[in-house]
Each structure stands twice: as structure tokens, then as C-alpha cells.
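A look at the structure
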Amino acid sequence: MASAWWPCLILALLSGSVAFGFPRSPSRLLEKRSLLEGVVDGIEVYSTKISCKVTSRFAHNVVTTRAVNRADAAKEVSFDVELPKTAFITNFTLTIDGVTYPGNVKEKEVAKKQYEKAVSQGQTAGLVKASGRKLEKFTVSVNVAAGSKVTFELTYEELLKRHKGKYEMYLKIQPKQLVKHFEIEADIFEPQGISTLDAEASFITNDVLNSALTKSFSGKKGRVSFKPSLDQQRSCPNCTDSLLKGDFIITYDVNRASPANVQIVNGYFVHFFAPQGLPVVPKSVVFVIDVSGSMHGRKLDQTKDALLKILEDMKQEDYLNFILFSGDVTTWKDNLVQATPENIQEARTFVNSIRDQGMTNINDGLLRGINMLKKAREENIVPERSTSIVIMLTDGDANVGESRPEKIQENVKNAIGGRFPLYNLGFGHNLNYNFLDSMALENNGFARRIYEDSDANLQLQGFYEEVANPLMTGVEVKYPENAILDLTQNTYPHYYDGSEIVVAGRLVDEDMNNFKANVAGHGAINDLTFTEEMDFRIEVTPEKITLWNGAAQSTFSWLDTVTVTQNGLSVMINRKKNMVVSFGDGVTFVVVLHQVWKKHPVHIDFLGFYVVDSHRMSAQTHGLLGQFFHPFDFNVSDIHSGSDPTKPQATMVVKNHQLTVTRGSQKDYSKDVRDGTKVSCWFVHNNGQGLIDGVHSDYIVPDLF
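Residues numbered from 1 in each chain as written. Predicted model: local features only at pLDDT ≥ 70, side-chain atom pairs only at ≥ 80, totals over all residues. Heavy atoms only, no water.

To be explicit about the condition: UniProt positions are given in the numbering used here, feature names are shortened, and annotations may be inferred rather than shown by experiment.
The protein chain appears in an unreviewed UniProt entry as Inter-alpha-trypsin inhibitor heavy chain H3 from Phyllostomus discolor. Per UniProt, the protein chain carries the Sequence similarities (unreviewed entry) text "Belongs to the ITIH family."

As C-alpha cells, this is what we get:
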């Protein structure tokens, strides 16, 4: 019988990559295959699945792992998950022998004591804890009774960012044993349409990857599935340990008919901006490099390798200089110099001559570089239409000169004064990364950790490539003041090639589906302005059809045959028959024109409104028609003769109401717009009272437009 103990959980936002491991208890590899293959220290992980649903760059991810304790005694098992730095956890549950325990946030010490007490009593309990100051790892320790099954499910979400022209979903795979059912599934929906989709894994060869991987995309939908068999997971043909240890990366991009795309849903909007083909704005770059004694050896060698490669990629219109700091501060040149072939060759010689020495004076090194950029601008050393960037790399904390992080941060912020961004690169883990991150963020930049590995030089080069090609500076996104209530960041010092600016907000009018967005900034040659106008409206009467696209108006009669497409919305007018409106993922409405004899004394032409494939509508859809788009329970009984022998009556029980209904027929014009199709149905009396939500008058408005 499952224990009623409520697991003690600490949930935290984490950073890094997505990884999961199971178990962490002392493991031993089986030397021979057996019936219990995949069992490590009595624990069998029989299923691991990562399910990713991406809609408009927003990813909803669920990591589910199932295991069973096949030992004769209770075992402690730990699940490890590393999440992307920008992700946030939305749910966590443990299911033990069919009983689900949701995560409960408690103070660390309280949770630990409750967990230890439960374990000492032989109960199954869970503890979620973080490791490291950056809370990069999500760990759940579970004491599993003999023969018990446990399911771990973590849900997290993130907004995918665009880097080097692609959106990237990064999963770090590390199950630590063979898993009978291992699967990664990603379903992507992008209203703009998907232009490219790919997946790669660092832990297996392309031949093995291709045999276990399927990927496809068409129109707005894309799908990636990775399902390696047990044999494909083996590190060698007869091994019982897993080779699934490394990075699994999904990348994609969207179609871009225009630089911007605005999407409006339920009173909120998101504005994506990514212009292409603009000339690159010249840049002035100061590299502030830590050459203290701790950089000795491979770290300094890799830094020099990266700088030499960066020099090859510098454009002749750019300006640069190097600031080296240890206990003292030295510079390559007194001022910024243009990246001419002669200066680049001299810079290579300088980089090759760099040697490590002394302490770490971050404060003076940064201030020297900042003041050099300010001087170059003030004395017109660099072109007026150019941008400035500070890139600082260090592997440790300040230990000479001004060494207080808060004071260094204050000095740097005051010196930069919002003029240009600061990018901080932290080499390794023996440093105060929070300090580097905070200082960069408050100066319009960001920090990046460079891991001490064989590819550290490639990591440095990869960072530089992200900021190497600014296409716009001083970017500001504006919306009508009377249309927006709340807004995320809408000013950016730079727009870099291959990236994307994303602004989201809440509309004053939840029913608004149109407004104008302006993006302005400075380009390499002139100032630029991009306007995105979301304003597409339809007005339909028995006499005419009017379409508005912004201020432009088009009017059609029911004698026309025409198709109009705009911003993912399609309107097709079929002469004297109907109008078909389609948008989104196959949502279609049909407006049918019903014409009567022109001289009829009472009847007039009217319109019929039909919904095609209503199951595609959201479960939140409502209204006189919308409330019936999804199935609901009802029961008809006691069918008997009524006052009209041709129309039987019956009792209908629906929505906890008992109603009297009458059998009759109605014409359905959705397929045969001329004569209609006779359909038998039950008629509800009293204006649908008891069947519809509320009363009929709730759905009546004085006019449509």
C-alpha cells in the first residue's frame, strides 16, 4: 500500500541545458546481458520521454521518467535535470504506485528535515534541491519501496531565442543506463510557416542518428522524433552501458515575407522583428582580456586562438583595440585603430605575444576600455554612423585595486552611461558569474559562461559571431498609446544579424484585432523605419462584402468570384453562393447567401453562418454557436405523440435540466447552398432555455457593425 506521505519539494529556476539522469545511487555495469538488462543497482528505468510543444517560438516541455525498484529492499533514486537558463518550471509531480504527489515549495532546511524523517520511517518521499549558486541543477531524491513504481514529471517553459538565423531547442541527454522506451518528440507550430528544420546529436554518429531520427515539416507544422532502440543506445555492440550522453539540438527558422510579424491572441499580442539583407553597421570593439596568473596554460592559449580567428573576421570598416589587465593595465595602442590589413597583421603579432602574469584588476581594465571608446567618439576617430562594444573576458574575481563587486559595477555603469553595451565572458567556474551577469545586463549586454573544455576557443568565436554584424542601432518599437496597457522591453541598443527582437503586451480592448506597430532605428547608411499594420476586417451583408486592410477598402458584390489572402487570413467569395473565411490551423467559417423571391411580401434575403471542422476551435470558445462546438452529454427518453401526430415529443436531460423537446426537421445549407439538405433534429422550446448557457437575450446585440 502506498504511503500517504506528501513529498517535500523545493522548486527553483535553473540554468544550463536540459539533462536528466537516473539513478545517481552507486551504479555498476552488468558484465553480461540478462533478463534484467537495464537494471542498475536494483532500479530499472523503463521509460523516459521528453515531449516538446512549440507554438510561436514558445516551448512547453514535459520530461517524464518511469522506473521500478526490482530490489528486495527500499532504494534511494535521484533524478537530475538541467534546464536552459531562460526556462522556468511550471509544474512538478511524483507518482508512486499510482498515487500522484504535486510539488510543495518549502524552505530548504524544513524540506530536508521532513524528507530525512520520511526516509528513516521507510516511507517514499522526494526532495528537490539545487546545486551551485546559479541553481543550475534540478535534483529530486526519492526513496522507493521494494517493488514500487515511480514516475517523475517535470514541466518547464521557455521562449526560444533566435541565434545566427535559427531558433534553438537545446536538450542535454544523460539517462546513465539503457532505457527500454526512450523518446524525444517535438511538435512545432509557427503561423508564419516553417522554412527549415533540423536536429543533431553530439553523442552518436550521423548513421545511427539518422536511423533513430525522423523529422519533417510542411507549411506551419514541423515534427522531430528521436527513438533509439536498446541496441542503438549501447556504447558498443555487447555493452550494457548507454552512449546517450551529450547534446541533442533542434533548430528551425520561419518564413519571413516581411521584417515583422504581429500575432494577437485573447487580448494580448506578440511582435517579432527580424529584418534581413540590411548593410552591416561598422563597429568599434575594445577587447578587455584577463591575463592574470590563473589564465596560464590552456585557457590563455585558447583565448589567443579565438582572438586570432576573430581578427580574421574583422571588417575593414571596423575599429579595435586590446586592453590587458592583471595587476596592472596595458594597451596595444593608445587609441582605437581601423581594421586595415596592416593593422590586423600587427594585431596578430600582439596577440601571439600575450603572456600571463600577476593579479586581477577588473575595475581598471574595464574603465580603461570604456574611456577609450568614449574618447574615440568625442574626437571623431570613428565614423559617426557606427556603434561601440566592450567585450571583457576573465576567469576569476578581482583581487587587486577596487575589488568590491558592487563598487566595480557602480563605476562601470557610471562610466558607460548607457552609451554602448558591455558583454562579459566568464571562463570556467572559479568566478562570481552573478556579478558578471548583473553588470552586463544593466549595461545593455549579457554574460556568457565559457566552459573549460577542448572547444573553449570555439565557444569564444561563437559568441563573437553573435555580435559581429549589427544591422541597426538605437532600435525603438512604438505602438499607439491608447491601444496598449502593458509592454515588455521595447528599446534595444542593437539589432544583430540572425537574431530577433520580441516585444509582447496587453491590449486595452481585448477584442481588438488591429493596430499599427512602428520600428525605428539607425542603419549603416540612413535611419530606418518599419511599419507593421494589423488591420484586416470583414463586413458582410446580403448586398455586399467589404474588406479593410488598414485604411485600404475593397468592396465586392455577391456576383463576384474572388480570393483575398492577408496575414494568414483567406477570404474566398463564390458567386451568388457563399463566402469562405479560413485562418490559423484549418479553422474555417462559411457564410451562405440565402436569396428569396424579390417581391415576397414578408421574407427578405438573409445570411447563414456555418462553422467547418469546429473541433479545431479552442475549448474556451463560447457564444450562441461556440458553446456547442465540442461534445456534451444529453439523453432523450419517453418519446410519445404530441399535439401534432407528425411531430413526436420527448424528454431531454441535458446540463442537469429536464426539457420537453419536439421532433422536426431543418435544412442544412453547408453542403447544398441552393436547396439544402433535410436534417432530422429535436427542437427545444422557450428560446432554448435550459440548453443554452444563460438566456437567449444574452446573445442579442442591437447591430453587428
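Comments concerning the packing of helix α7 (residues 405-416) against helix α8 (residues 433-441)
The condition that has to hold: The convention used is that axes are lines fitted to C-alpha atoms, helices contributing only their stretch in contact, and that angles between N-to-C directions extend from 0 to 180 degrees. By the criteria applied, helices consist of DSSP H or I runs no shorter than four residues and strands consist of E runs no shorter than two, each listed in order from the N terminus. Working rule for angles: under 35 degrees goes down as roughly parallel, over 145 as roughly antiparallel, 65 to 115 as roughly perpendicular, anything else as oblique. Crossing chirality is assigned from the near helix's rotation relative to the far helix, an anticlockwise turn below a right angle marking it left-handed and a clockwise turn marking it right-handed. Only heavy atoms matter for contacts: two residues are in contact if any of them lie within 4.5 Å across the pair.
Put simply, α7 and α8 touch, their axes get as near as 10 Å, and they point 20 degrees apart. It follows from the interaxial angle that α7 and α8 lie roughly parallel. In this structure, α7 meets α8 at a crossing whose hand is right-handed. Listed contacts from α8 to P405, I408, Q409 and V412 of α7 are F435, S438 and M439.

Considerations on the sheet that holds strand β44 (residues 677-684)
Which entries qualify depends on this criterion: What makes two strands pair is DSSP finding at least two bridges between them.
With antiparallel pairing, 4 strands are arranged side by side in an open sheet as β41-β42-β43-β44. Of all strands in the sheet, those bounded by a partner on one side alone are β41 (634-640) and β44. The mean inter-strand angle of the sheet, taken between neighbouring strand axes irrespective of direction, is 35 degrees.

Things to note about the state of the cysteines
Applicable threshold: Here, two cysteine sulfur atoms that lie within 2.5 Å of each other are counted as a disulfide.
Under the defined criterion, the tally for this structure stands at 1 disulfide. Paired by a disulfide, C236 and C239 hold their sulfur atoms 1.7 Å apart. One disulfide, between C236 and C239, carries an S-S torsion of 85 degrees and so falls in the right-handed class.

Let's talk about the environment of Y170
To be explicit about the condition: Each residue's exposure class comes from its accessible area (1.4 Å probe, protein chains only) as a fraction of the maximum for that residue type: buried when under 20%, exposed when over 50%, partly exposed otherwise. Pairs of N or O atoms within 3.5 Å make up the polar contacts considered here, provided that, within protein, one atom can donate a hydrogen while the other can accept it, and that residues adjacent in sequence are counted only when both atoms are side-chain atoms.
With respect to the helices and strands, the residue Y170 is situated in strand β12 (residues 166-173). You can call Y170 partly exposed: its relative accessible area is 24%. C-alpha separation for the pair Y170 and F248, spaced 78 residues apart in sequence, amounts to 6.2 Å. For Y170, the side chain forms a polar contact with the side chain of D247, separated by 2.6 Å.

What about the nonpolar core?
Here is the rule: Within this scheme, the nonpolar core is defined by two criteria: the residues are buried Ala, Val, Leu, Ile, Met, Phe, Trp, Tyr or Cys, and they are joined through side-chain atoms within 4.5 Å.
Formed by 52 residues in total, the largest nonpolar core has its most connected members in F152, I173, F226, F248 and I250. Looking at which element gives the most residues to this core, the answer is strand β3 (residues 43-55), with 5 residues.

Looking at the environment of G676
Mapped onto the fold, G676 is located in the loop between β43 (657-668) and β44. Under the relative-accessibility criterion, G676 is labelled buried at 15%. Distance from G676 to Q666, taken between C-alpha atoms, is 9.1 Å for residues 10 residues apart in sequence.

With respect to the pattern of salt bridges
Just so we agree on the cut-off: One side-chain nitrogen of Lys or Arg within 4 Å of one carboxyl oxygen of Asp or Glu is enough to make a salt bridge.
Counted under the stated rule, the structure contains 25 salt bridges. The salt bridge partner of D198 is K215, with a shortest N-O separation of 2.4 Å. You can see D198 sitting in strand β14 (residues 194-201) and its partner K215 sitting in strand β15 (residues 213-218), a full 17 residues away along the chain. Through salt bridges with shared partners, one network takes in K49, K53, E183, E185, D187, R223 and K227.

Concerning the sheet that holds β14
Taken in spatial order, the 4 strands of this open sheet run β11-β12-β17-β14, and their pairing is antiparallel. Two strands bound the open sheet, and with one partner strand each, they are β11 (162-163) and β14. Here 7 bridges tie β12 to strand β17 (residues 246-254), and the two strands are oriented antiparallel to one another. Looking across to β17, one finds that L171 is bridged to F248.

Observations regarding helix α9 (residues 456-467)
Filter applied, for reference: Any helix carries an expected span of 1.5 Å times its number of residues minus one.
Here α9 is 12 residues long and its end C-alpha atoms lie 18 Å apart, about the 16 Å a rise of 1.5 Å per residue gives. Judged by how many residues are buried, α9 sits mostly within the fold: 10 of 12 residues are covered. Every buried residue of α9 is accounted for by A456, N457, Q459, L460, Q461, G462, F463, Y464, E466 and V467.

So, the pairing of β17
Counted residue by residue, β17 has 8 buried out of 9 residues, so it is predominantly covered. The pairing of β14 with β17 spans 7 bridges and is antiparallel. By the bridge assignment for β17, A199 is matched with I250.

Topic: the packing of aromatic side chains
The condition that has to hold: Aromatic pairing here means that ring centres of Phe, Tyr or Trp (its six-membered ring) are within 6.5 Å. Orientation follows from the plane angle: under 30 degrees is stacked, over 60 is edge-to-face, and everything else is tilted. Any Lys NZ or Arg CZ that is within 6 Å of a ring centre and within 35 degrees of that ring's normal is treated as a charge sitting over the ring.
Under the definition given, this model contains 19 aromatic pairs. Positioned above the aromatic ring of Y433 is the side chain of R449, whose terminal nitrogen or guanidinium carbon lies 4.5 Å from the ring centre.

Regarding unusual backbone geometry
At R57, a position not held by glycine, the phi torsion is positive, near 75 degrees. Inspection of the secondary structure assignment puts R57 in the loop between β3 and β4 (58-69). Its identity as a non-glycine residue notwithstanding, K655 has a phi of 50 degrees, on the positive side. For K655, the location among the structural elements is in the loop between β42 (649-654) and β43. Given a relative accessible area of 30%, K655 falls into the partly exposed group.

Regarding a nonpolar patch on the surface
Here is the rule: Only residues whose relative accessible area exceeds 30% and that take part in no salt bridge are eligible for patches, with like-charged residues grouped when within 9 Å of each other and nonpolar side chains (Val, Leu, Ile, Met, Phe, Trp, Tyr) grouped when within 5 Å. Per-residue and other accessible areas were derived by the Shrake-Rupley procedure at a 1.4 Å probe size, with only the shown protein chains allowed to occlude residues.
Side chains of F58, F88 and L159 sit close together on the surface and give an oily, nonpolar patch of about 230 Å² of accessible area. With respect to the helices, strands and loops of the structure, F88 is situated in strand β6 (residues 88-96). A relative accessible area of 32% means that F88 is categorised as partly exposed.

Describing α7
Basically, it comes down to this: Arc definition: it is the arc formed by the directions from the helix axis to the C-beta atoms.
Counted at 1.5 Å a residue, the expected span for α7 with its 12 residues is 16 Å, and the 16 Å between its end C-alpha atoms agrees. Inspection of α7 places I408, Q409, V412, A415 and I416 among the buried residues, and these make up the whole buried set. Here the buried residues of α7 occupy an arc of 135 degrees about the axis, which is enough to place them on one side. Facing away from the buried side of α7 by more than 90 degrees, the exposed set consists of E406 and N414. In the segment just after α7, G417 is the residue with positive phi, at about 60 degrees.

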